[in-house]
Each structure stands twice: as C-alpha cells, then as structure tokens.
Amino acid sequence: MELSSVLGTTFQNHIFAPPLLSSFHIIPSLSLTSPRASNSNLTSTTSRTATPIKESNPTRPHSKSYLQRKFAIVEVQQASDLNSSLQSFGGILKPQDFNVIIRNFGKLGKWHHLSQVFDWMQQHGKTNGSSYSTYIKIMGKRLSPVKALEIYNSIPDESTRTNAFICNSLLSCLVRNGKWESIIKLFNKMKQDGLTPDSVTYNTLLAGCIKTKHGHSKAVELINELKYNGLQMDNVMYGTLLAVCASNGLREEAQNYFNQMREEGLSPNLYHYSSLLNAYSYEGNYHKADELMEEIKSSGLVPNKVILTTLLKVYVRGGLFEKSRKFLAELEALGYAEDEMPYCLLMDGFSKAGHLDEARSVFIEIQEKCVKSDGYSHSIMISALCRSGLFEEAKKLAQDFEAKYNKYDLVMLNTMLCAYCRAGEMESVMQTMKKMDELAISPDYNTFHILIKYFCKEKLYLLAYRTMEDMHGKGYHPEEELCSSLIFQLGKMRAHSEAFSVYNMLRYSKRTMCKALHEKILRILIAGQLLKEAYVVVKDNAEVISRPAIKKFATAFMKLGNINLINDVLKVIHGSGYKIDQAWTFSDCCITLSCSARKEGIASAVVAVDARSRICC
C-alpha cells in the first residue's frame, strides 16, 4: 500500500477545495486589479453566498411582513411534514429566507430535507444566485457531479450561470469528485459564456491538480493563465503548488516555489513547510528535512502533528529505521500517535525493504496498544505477506479483517482481493467482488489488473477478456505485457475475435506497443480466417512485419479473402517495399478470380501492380 498520497495531501483537505486544466482560453477583459488573498480572506470570500434577512433598526418595530416571514422560517425548519409546511408558508417567503432554511438544514445534516426544500424553490421560482451556490457548496460530496451539472444547467438566466460564486461552487464539487477532464471542458465553456475567473476559481482548480495525473504541468498552465489575466499568486496558491509538487515527487520544483514565495514577500506557514517536507520524503532526503525543521523552529512556528508525522516519513524513506523507531516513541509521548498512521509509515517502510519480521512486530504493537485503526495496518501487512509469498497467512489476515471491521474502502478491498487471488481462493474472490457491488465502490485500475492476472492464472481466459473489456470501458488502459499474454492465450483457444479486440484496446490506448505484437496478432487473425481484420493490421504496420508473415497473409487473402479488396491488399503489400513474385501473383490471383465472379478492373489492377514490381522476392 502506498501511504505517501494519504499523508502528503492531508492538510489540503482543510484549506483547499479540490480540481482542473489542459488547454485554456485567455480572458482579455479580466480585471487587472486583484488583492492578494490570505487563507482567511479566501475563507470569507468563498463562504459569502446568501445574505440572511437583515434585522431592522432596533429602535424601530419590525414590519408585519418581516415578522410573518420570520415565523414562517421557524415553522418550515421545525415542520414534521415538510411538504405541507412549504405549501402553507412558502408563498410568503423570499429567496433569501429559503437560503437561511437550507443553510440550517445543512448544519443539522438533514440532507433529504435540504434537497426537498431546494427542489421546491426551483419549482416555484424562489431562487436567486446565492441559492445555487449555497446548495451546491453545502451538499458537497453528497451531491453527484451529474446532479450538480443538472442544477447548474437548469439556471434560466445566463448572467446567473456565469456568476463567479456559482461557478466556483460547481467547479469545487467536480474537483472533489475527481472529474478533471469534465472540469476543464466546463471551465472553458464558462469562460466563453462570460465568466471572469477570480482567485478562488484558480485556487479551486489548482487544488484539483494535486491528485491528477501530470498535475504539475496542468498547474503551470493555470498559473500562466491567471498571471496573464492580471491576478497575483497568493499564500494559498503557493501552498497548493507545493502540495502538487510533493504529490508528484518534484523536490527541486517545490524548493523553487518555496524560495519564490519568500522573495515575493509572502511568509510561509506550517502548510507550506509540511508540503516541502513531504517533497523531501520522496527521496528520503533527511539532511534537508532536518535543516528545514531547524528553520521552522527558528521562525517561531511550533511543529504540529502533520509536520512531525511527515518528518517520520522522511526518516523511513531514507532507511533510518532505528532513528524512525525512536522518533515514533517521541510522537507517542507527544500524543501524536493515537491513530495508526505513524505506525503504518514504519510498517510500510519495513515491508518494502524486505524486513517482514520487523513489520510484523509493529503490526502486533498496534494491536497490543489498542491503537485506533481504520484497517490500513491490515492492508499493509496483507500486502507485505503477499510480497513475501506467504499467501495463506495473508488470506487468514484478510479474513480476520473482515470479521473485525465492518468498514471497507477501495484500497482495503483491493488488498483483500490480491490476497485471495494469490491464495487461489475463488469463492473469496467472488465474495469480495460482490461486496464491492453492494457497497457501490467502483473498481480502479488495480482492481482490474489483479482480477485479470488471477483469471489468466486460473486459465479463465474468456473471463479475463470480459474483465479487460470492463476495464477499457471505465477508461483504464491495461499494460502491454498483460495484453500480449492474453492475446496469445485467446489465440491458442481459437478466440480470434476476442484476441483482436484486446489488440485494439492496447492499440488505441496511449501506451507504447511492442512491434512484435503486430505480427503476433496477424498470425492469429490468419489462423482464424479474419482476413479483413488482418488486412487492417498489415496496412497500418507493414514496415514492422516480417516478409514470411506478409507472404502468408497475402496467400491466405488470395485464396479466402474478399475479392473486392484484392486490389487494395496488393497495393499495400507493394507499398511496404515487399516485392511480389510474378509467378505467385498470377497463379494465386487467377485461382481467386476463376473461383469468383470476375469484377471489372480487378484483373487489370493485378497485372498493373505486377508490372510495376516485376520479378523477385
């Protein structure tokens, strides 16, 4: 189990809203004046949604309508029958009153009531700009990206749809759900429709780069865009950039951003130091980490739990296991080891260094000290046992986890799946997959990879093929070695069409293909008499296919192929530089033409190609 992502971005969840970018549109009309936003400024800005009813001057009595609305708000909030209460009092309430109600339901965690009120507001025209941003923001992760987009697209007024508060709330929702490509497309469309992005917009998008593949390059694009549009980098943006660098293991880039921030007069806080320290951890650079700790202390800042736990990770990654054990004891004394994360870091380091007994001793220590655990320690230990070939022990530990805990996440389920697959426990594998379905936990790349390898090991090649189809449908690209192995096995069992389908999955992915794979699939297709598909392979890859394989294809096509494609086939073969033997061309083509209805022009085309090539193999 990889722990760096778990620890490295922990603090981001507290100060940044997560995601986005590939290509961007410049906003020439963007204001050139934008104040630097501090953390507090950002918080106050993003929370500015709807304004509650303002109290009148205390020296003057409230109006009758105000008192009626205030009474109606309380009635709706306390109603046992919400729908009936909305019918009774909804008519006298204004959009800002409803915004107060949905915020109250959000604080109380009454998500169903909140959605019911918002739906009523939409149906009866009781919304304003703040209503949409407030609802999307309060619902947070409980709101699916599809539902959030549906709400956004239902906004009737175009100017409201490009309101920065609403757009920022929607982008934040999509970022939390990791929909990067969708976010970029939507962001570009918002700009085309008239959105003027502000600092909050870019902070939201930058935060999404932390867990995005090639996140640093995307973050750089965003930074270039915001600077072009006259905005300035602030503390929050630099903090996010450092976190992006740390998540991608870019220590030098992180150090450069850190120095640049100070040169611009911005003071680093614990979040910045934590991200820089995390960047050092990827190389296990404990010398730099110790220097940074001295700097933190000299600046007057007091290292917190996140900083010290990250320092432990640096020591572990640097191979300083004895020092790591002593430092873990210091964390315990400070009360910073009440949960399993520090122990997991040490366990993970031991297991990946091949010190299984030491990893096991830390695991036992967690159990004996009754350290609060979410199951990560089990996951690490199961993975370590599998890595050491102790599949039975790994299987028993996975079963122990199932009996002890009633909570699962994707990482834990993948770990259990791996243990059961390595132990050959088909029934347990199927039960784990069923559990994923019941919990509505979507499989990721690792899930599919584990299953495909297992099904291939069990010689269930068609099941492996169907799993790979699902994998491809989810947008994940299988690795070439796995595809090549499956193609070979499918070819052996005469599943020629399925083998070609796997070949195409690899072909249209962004992975580099081995040149030999083209000839391998060509021979499988010829054996299965799928000559039209074989023609496609030769047409696209003739220069890397051997002469014997091309001749075998040509001979098969002349005898069994579609007569209407013979001209194209010969042109492709000739164009590849392969010289067609004159006797072979005439004899085979004449057999083909005499066995089929002659088509006008085909015989002459064969002669023409042969005349150009003349003689010779």
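Here the structure is a predicted model, which means the values were calculated and not measured.

## Examining the overall build of the chain
Part 1 of the argument: Each helix and strand counted, the chain has 36 helices and zero strands in total.
Part 2 of the argument: Across the 617 residues that make up the chain, the buried fraction comes to 49%.
Part 3 of the argument: A sequence separation of at least 24 residues applies to 67% of the contacts in the chain between residues at least 6 apart.
Part 4 of the argument: For the chain, the exposed area adds up to about 29500 Å²; of that, 51% sits on carbon and sulfur atoms.

## Some thoughts on the packing of helix H21 (residues 341–352) against helix H22 (residues 356–368)
Part 1 of the argument: Across the interface, H21 lies against H22 with an axial gap of 8 Å and an inter-helix angle of 160°. One element, H21, and the other, H22, form an angle in the roughly antiparallel class. Every pair of crossing elements has a handedness; the one defined by H21 and H22 is left-handed. In contact with Tyr343, Leu346, Met347, Phe350 and Ser351 of H21, H22 contributes Glu358, Ala359, Val362, Phe363, Glu365 and Ile366.
Part 2 of the argument: For the contact of H21 with H22, the per-class residue count stands at eight nonpolar, one polar and two charged.

## Digging into the confidence of the model for the chain
Part 1 of the argument: With 82% of its residues at a pLDDT of 70 or more, the chain has an overall mean of 80.
Part 2 of the argument: Contacts from residues 582–587, a stretch scored under 50 in pLDDT, to residues over four places away or in other chains number twelve contacts.

## Here's the deal with the nonpolar core
Part 1 of the argument: If you look at the biggest cluster of nonpolar residues, it comprises 168 residues, and the most contacted ones within it are Val117, Leu277, Ile521, Leu522 and Phe553.
Part 2 of the argument: It is helix H15 (residues 235–247) that provides the largest number of residues to this core, a total of eight residues.

## A short note on helix H28 (residues 461–473)
Part 1 of the argument: With 13 residues, H28 extends 18 Å from end C-alpha to end C-alpha; this agrees with the ideal 18 Å at 1.5 Å per step.
Part 2 of the argument: The set of residues buried in H28 consists of Tyr461, Ala464, Tyr465, Thr467, Met468 and Met471. All buried residues of H28 fall inside an arc of 165° around its axis, so they share one side.
Part 3 of the argument: Just downstream of H28 lies Gly475, where phi reads positive at about 90°.

## Observations regarding the environment of Ala549
Part 1 of the argument: For Ala549, the position within the fold is in helix H33 (residues 547–560).
Part 2 of the argument: Ala549 sits eleven residues away from Val538 along the chain, and the two C-alpha atoms are 9.6 Å apart.
Part 3 of the argument: Residues within four places of Ala549 in sequence aside, it is in contact with Glu519, Leu522, Arg523 and Ile526.

## Details of helix H25 (residues 410–423)
Part 1 of the argument: In this model H25 runs 20 Å from its N-terminal to its C-terminal C-alpha over 14 residues, within 8% of the 20 Å that 1.5 Å per residue would give.
Part 2 of the argument: Counting buried residues along H25, ten of its 14 residues qualify, which places the element largely inside the surrounding structure.
Part 3 of the argument: Looking only at H25, the buried set comprises Met412, Leu413, Asn414, Thr415, Met416, Leu417, Ala419, Tyr420, Cys421 and Ala423.

## Quick notes on the packing of aromatic side chains
Part 1 of the argument: Scanning the entire structure with this criterion turns up eleven aromatic pairs.
Part 2 of the argument: Measuring from ring centre to ring centre gives 5.8 Å for Tyr454 and Phe455, while their planes differ by 45°; the resulting arrangement is tilted. Considered together, Tyr454 and Phe455 belong to a single accessibility category, that of buried residues.
Part 3 of the argument: Following the ring pairs from residue to residue traces out a cluster consisting of Phe118, Tyr132 and Tyr135.

## Regarding the pattern of salt bridges
Part 1 of the argument: Within the structure shown, the criterion is met by 18 salt bridges.
Part 2 of the argument: Two residues, Asp339 and Lys305, come together in a salt bridge whose shortest N-O distance is 2.9 Å. Of this pair, Asp339 sits in the loop between helix H20 (321–334) and H21 while Lys305 sits in helix H19 (residues 305–317), placing them 34 residues apart in sequence.
Part 3 of the argument: Among the residues examined, Lys305 registers a relative accessible area of 31% and is labelled partly exposed.
Part 4 of the argument: Across the pair Arg360 and Asp357 runs a salt bridge whose closest N-O atoms are separated by 3.2 Å. Of the two residues, Arg360 and Asp357 are both situated in helix H22; the distance of three residues between them amounts to about one turn of the helix.
Part 5 of the argument: Overall, Asp357 belongs to the exposed group, its relative accessible area being 57%.

## A closer look at unusual backbone geometry
Part 1 of the argument: If you check the backbone angles, Ala440 has positive phi at about 55° while not being a glycine.
Part 2 of the argument: Exposure remark for Ala440: the relative accessible area of 67% places this residue in the exposed category.
Part 3 of the argument: One non-glycine residue, Gln529, lies in positive phi territory at about 60°.
Part 4 of the argument: Looking at the element boundaries, Gln529 is found in the loop between helix H31 (516–527) and helix H32 (531–541).
Part 5 of the argument: Among the residues examined, Gln529 registers a relative accessible area of 53% and is labelled exposed.

## So, the environment of Leu222
Part 1 of the argument: Tracing the backbone shows Leu222 in helix H14 (residues 215–228).
Part 2 of the argument: Along the primary structure Leu222 and Asn203 are separated by 19 residues, whereas in three dimensions their C-alpha atoms are 9.4 Å apart.

What counts and what doesn't
Residues numbered from 1 in each chain as written. Predicted model: local features only at pLDDT ≥ 70, side-chain atom pairs only at ≥ 80, totals over all residues. Heavy atoms only, no water. Helix = DSSP H or I, 4+ residues; strand = E, 2+ residues; numbered from the N terminus. Buried < 20%, exposed > 50% of the residue type's maximum accessible area, 1.4 Å probe, protein only. Contact = heavy atoms within 4.5 Å. Areas by Shrake-Rupley, 256 points an atom, 1.4 Å probe, with all protein chains shown as cover. Axes fitted to C-alpha atoms, helices over the stretch in contact; angles between N-to-C directions. Parallel < 35°, antiparallel > 145°, perpendicular 65-115°, else oblique. Left-handed = near helix turned anticlockwise from the far one by under 90°. Nonpolar A, V, L, I, M, F, W, Y, C, P; charged D, E, K, R; others polar. pLDDT = per-residue confidence, 0-100. Core = buried A, V, L, I, M, F, W, Y, C linked by side-chain atoms within 4.5 Å. Expected span 1.5 Å × (residues − 1). Arc of directions from axis to C-beta. Phe/Tyr/Trp six-rings, centres within 6.5 Å; stacked < 30°, edge-to-face > 60°. Salt bridge = Lys/Arg side-chain N within 4 Å of Asp/Glu carboxyl O.

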